[in-house]
Amino acid sequence: MKMNNDWVKVYTSNDYYKSEIVKQVLIENEIEAVLLDKSGFPYRIGEVEVYTHKDNFQRATEVILSSEL
């Protein structure tokens, strides 16, 4: 999938697995989401960001907050 300016960041963490959980919770709520892994290999030091389409930003934020992620 090609990301363009229609995608916005809704979550950032230094923990890859926590970002993956956020992505999966959004998908389970029928919100398309993708990860952008900015961490370096092999040590995974850095940020992992979750993006969603800008039309889903408000709903995605609500899902993340209500899920206490």
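Residues numbered from 1 in each chain as written. Predicted model: local features only at pLDDT ≥ 70, side-chain atom pairs only at ≥ 80, totals over all residues. Heavy atoms only, no water.

Participant: Could you clarify how one ought to interpret the nonpolar core in this entry?
Facilitator: Proteins that are soluble and globular tend to have nonpolar side chains buried together. V10, Y11, V22, V25, L26, I31, A33, V50, A60, V63 and I64 together form the largest nonpolar core, which totals eleven residues. Breaking this core down by element, the ones donating at least two residues are β1 (7-13), α1 (16-28) and α2 (57-66). Here A33 is in contact with K23, L26, I27, V50 and Y51, once residues within four sequence places are set aside. (Core = buried A, V, L, I, M, F, W, Y, C linked by side-chain atoms within 4.5 Å. Buried < 20%, exposed > 50% of the residue type's maximum accessible area, 1.4 Å probe, protein only. Helix = DSSP H or I, 4+ residues; strand = E, 2+ residues; numbered from the N terminus. Contact = heavy atoms within 4.5 Å.)

Participant: What is the right way to look at the packing of α1 against α2 in this model?
Facilitator: Any two packed helices are characterised by how steeply their axes cross, that is the angle between the axes, and by the distance between the axes. Direction vectors running N to C along α1 and α2 enclose 115°, while the axes themselves pass 10 Å from each other. With respect to the hand of their crossing, α1 and α2 are arranged in right-handed fashion. Facing α1, whose interface residues are V22, V25 and L26, α2 presents A60, V63 and I64. Of the residues that constitute the contact of α1 with α2, the class distribution is six nonpolar, no polar and no charged. (Axes fitted to C-alpha atoms, helices over the stretch in contact; angles between N-to-C directions. Left-handed = near helix turned anticlockwise from the far one by under 90°. Nonpolar A, V, L, I, M, F, W, Y, C, P; charged D, E, K, R; others polar.)

Participant: Explain α1 here, please?
Facilitator: Along an α-helix, residues three or four positions apart point the same way, because every turn accommodates 3.6 residues. Taking 1.5 Å per residue, 13 residues should reach 18 Å; α1 reaches 18 Å between its end C-alpha atoms and fits that length. Among all positions of α1, only S19, V22, K23, V25 and L26 are buried. End-on view of α1: buried residues confined to an arc of 160°, all on one side of the axis. The exposed set on the far side of α1, more than 90 degrees from its buried face, consists of Y17 and E28. The secondary structure elements touched by the buried residues of α1 are β1, β2 (33-37), β3 (48-53) and α2. Two or three places before Y17, at the opening of α1, D15 has a side-chain oxygen 2.9 Å from that residue's backbone nitrogen. Backbone geometry just after α1 places E30 at a positive phi near 60°. (Expected span 1.5 Å × (residues − 1). Arc of directions from axis to C-beta. Polar contact = N/O pair within 3.5 Å; in protein donor to acceptor, adjacent residues only side chain to side chain.)

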